[in-house]
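Observations on the model geometry
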Amino acid sequence: MDLFVVALLHFNLQYVAGGMEGTFEDWPCDERSVEDQIIVESFEPILDLMLEHSDWAIDLELQGYMVEVMADRHPDVLAKLHTLAHGGQVELVSWHYSAQLWTAYPWQDQQRSIELTQAVFAQHDLPLSGVVFSQEGQFSQGQLERMPEYGYDIACLPHNLGELFWGADPDESLFDYQDVWVIPTRSVTGLDGSYQVRWSFFDDGELLATDDQNPYMGPYFVHDPEAVAAWEAEVQALADGGAQIVSISAYVDAVKDRGSLPLPPVLDGTWQPADTGNLELWMGGPGLWSATEDDNVVLTGNVRARQAVAATALAVAGDAQAEALVDQAWRHALLGQVSDATGWNPFHTEVEYAQEHAQAAVAKAEEALALACDAEGASGVVVNLEDETVTWGGQIDRGQDTSAGSLEIIPELCGRNGTATWGSLVEVSGAHRLVIDFPAGDGAPCLAFPWDGLVYATIPALMDDVIVSVDATLYGTEGMGLPLSSGLVRLEEGLWLVKDTRSMHLAAVFEHSAGRIVFEDRTAHDGDDVRWELLVVEGDEAVALDVARRTNLLPTVQLSCPPAGLPEELPSCGCAGRRGAPSAALGLLALLGLAARRRRSEG
């Protein structure tokens, strides 16, 4: 029987986005220093190990941004990576420029991210593989649909997510989905019994060379040669026993003709769903420092920023100077979408990092638009992202006043006291706008809608033209949190909900026992007024899809010349002072909690 040994080390240069300056006495924890520490203490030692074993191959996952930093500040490390990659010992895995929570945003953002990543790898002559694994182990049917267009053909399915979907760890070694191979990340025997695959490592790459320490640990996050030697000995023992130490692509290529199964239906998910309520932790769930966390503010700020950038890109098309500014704006927008700003346990600097990059994205978009405004002599512009029309001096037609009328649905305010108001300006027949105001006060803003419990019917992440229904009676996990990047979810036959992600972008948590879908922001602050806007839609799938596309995926955006309004709507920085940021006074005990808080594969 053949034994294939594979490993995937997931590196995230934004592990501590924004750094933790001032946390440890006499130890630099600013953003740049933490990035350098990740590269020198945890990444380079793995490269050095591989240079000593010319007959081994492993997979390293990293974002395009990390390649840029190495090129700028660590060219010697990049040179080692170049040698190993071209020698076939290191397979490079990269699906995003920034460690984004890509399941929460429209396809256009991930498309930009992929294209930017591939450009960065090409610029530095680094071969990019067809393997996809990404931040937080995010996985989606939309991902599988989009991969082939950009040359990706192997998707790593976190085995814990398979367990969530199917009630047990997937026993199969290889699934197929159209033109994509899907491999569960656990050690299994092949369908025909002719081989086994064993994962020698599948986790945060930062942990292997540092004896399981992570970048939050400051002076304790350093290269530990004994930890590397221990893993080296384990792998060498397997090799001495006849195992092939290969890349993921080499493994799949060797076994893909030995049998596979069609991939069962999947939902948007992450690699430790039982610990995180699937996506809930990043979209309303609190972490260790919930006093400075602010999930909905960060997520909606990113949505408004990305809409401004996307609209500006169309408005300035053809102006090389303005387009260059838009490219910078997209970089900031993608950095601002970093997952660690809303989970697992965001330090206050990580929250501020996202907000600052969202604001920088809008600022760059404003610079670009100002150039076009001067040329057009207009006071504003309306951009329809769906049909890509640009109307200078236009105004958005918001439609007619509506009310709930005979709509038989009663939303439940399940947390902080608030008021629900029906009827505002909407533009689609059958859609009713619902505004929820939660004045400052105790408790988490919470809203629940009745759900028939029959199907999870949504637009999967990265898709924008189809609603997919998955039998909820098969996937009956209590408290499943889905991101709803489109905002859309089915409540019952002919009745849909669309959250307006510019004002509320929290996970939809499905409660089977109570027959309801809950949106709750447990990171909201008692002193803040909160307003959420949603649409309740009566009609078939086509109507619901139209509302979701117009509202969130490809909306019509109005910008002023210069666009003075958008930056004011974005969350302000300086939240550390307003909310009492944690400091070194928290002591080492609080930081030690982070050693266990990251995602553990146990695979």
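Scroll up to find the structure.
Let me begin by describing the structure that accompanies this report. As the structure is a computational prediction, the values presented were derived from the model and not from experiment. (Residues numbered from 1 in each chain as written. Predicted model: local features only at pLDDT ≥ 70, side-chain atom pairs only at ≥ 80, totals over all residues. Heavy atoms only, no water.)

**Quick word on the packing of aromatic side chains**
Rules: Put simply, two rings from Phe, Tyr or Trp (the six-membered ring, in Trp's case) pair if the centres are within 6.5 Å, and we call them stacked under 30 degrees between planes, edge-to-face over 60, tilted for the rest. Strands are runs of DSSP state E lasting at least 2 residues, helices are runs of H or I lasting at least 4, and numbering of each runs from the N terminus. Relative accessibility decides the category of a residue: with a 1.4 Å probe and only protein chains considered, values under 20% of the type maximum give buried, values over 50% give exposed, and everything between is partly exposed.
Summed over the entire model, instances satisfying the criterion amount to 20 aromatic pairs. With a centroid separation of 6.4 Å and 65° between ring planes, the pair formed by phenylalanine 24 and tyrosine 220 is classed as edge-to-face. Remark: tyrosine 220 occurs in the loop between strand S9 (195–204) and helix H7 (225–240) and phenylalanine 24 occurs in the loop between strand S1 (2–10) and helix H1 (31–51); sequence separation between them is 196 residues. A residue is classified by how much of its surface remains accessible, and phenylalanine 24, at 13% relative accessible area, is buried.

**Quick notes on the environment of glutamate 408**
Relative to the assigned elements, glutamate 408 resides in the loop between strand S14 (400–401) and strand S15 (412–413). Each C-alpha atom, one on glutamate 408 and one on leucine 495, is 9.7 Å from the other, the two residues being 87 residues apart in sequence.

**Regarding the sheet that holds strand S7 (residues 180–184)**
Sheets are built from strands paired through backbone hydrogen bonds, the pairs being either parallel or antiparallel. We count it as follows: In this scheme, strands are said to pair when DSSP sees at least two bridges between them.
Pairing is mixed across the open sheet formed by 5 strands, whose spatial order is S4-S5-S7-S6-S11. At either end of the open sheet lies a strand with only one pairing partner, and these are strand S4 (131–132) and strand S11 (261–262). Relative to S7, strand S6 (residues 175–177) runs antiparallel, the two sharing 3 bridges. Its bridge partner lying in S7, phenylalanine 175 is registered against valine 182.

**Things to note about the pattern of salt bridges**
Put simply, the rule is: Salt bridge criterion: a side-chain nitrogen from Lys or Arg within 4 Å of a carboxyl oxygen from Asp or Glu.
One pass over the structure, following the stated rule, counts 23 salt bridges. Residue arginine 433 is joined to glutamate 533 by a salt bridge in which the shortest nitrogen-to-oxygen separation is 3.1 Å. With a gap of 100 residues between them, arginine 433 in strand S18 (residues 431–438) and glutamate 533 in strand S27 (residues 530–538) connect regions that are remote in the sequence. By relative accessible area, which is 11% here, arginine 433 ends up buried. Linking arginine 502 and aspartate 500 is a salt bridge whose minimum nitrogen-to-oxygen distance equals 2.9 Å. Assessed through its relative accessible area of 4%, aspartate 500 is described here as buried. Salt bridges sharing common partners tie together Arg146, Glu386, Asp464 and Arg549.

**Description of the packing of helix H10 (residues 295–315) against helix H12 (residues 348–376)**
Rule in force here: Here an angle of 0 to 180 degrees is reported between the N-to-C directions of two axes, which are lines fitted to C-alpha atoms, with helices fitted over the stretch in contact. For classification, angles of less than 35 degrees are called roughly parallel, those exceeding 145 degrees roughly antiparallel, those between 65 and 115 degrees roughly perpendicular, and all remaining angles oblique. Crossings are assigned a handedness: left-handed for a near helix turned anticlockwise from the far helix by less than a right angle, right-handed for a clockwise turn. The criterion used for residue contact is that any of the two residues' heavy atoms lie within 4.5 Å. When residues are sorted by character, Ala, Val, Leu, Ile, Met, Phe, Trp, Tyr, Cys and Pro go into the nonpolar class, Asp, Glu, Lys and Arg into the charged class, and all the rest, Gly among them, into the polar class.
Here H10 crosses H12 at 20°, and the two axes come no closer than 9 Å. Between H10 and H12, the crossing angle belongs to the class labelled roughly parallel. Viewed along their axes, H10 and H12 form a crossing whose handedness is left-handed. Contact with H10, carried on its side by Val297, Val298, Gly301, Asn302, Ala305, Ala308, Val309, Thr312 and Ala315, involves Val351, Ala354, Gln355, Ala358, Ala361, Val362, Ala365, Ala368, Leu369 and Ala372 of H12 and no other residues of that element. Within the contact of H10 with H12, the residues separate by chemical class into 15 nonpolar, 4 polar and no charged.

Read these as layout, nothing more, since geometry by itself doesn't imply function.
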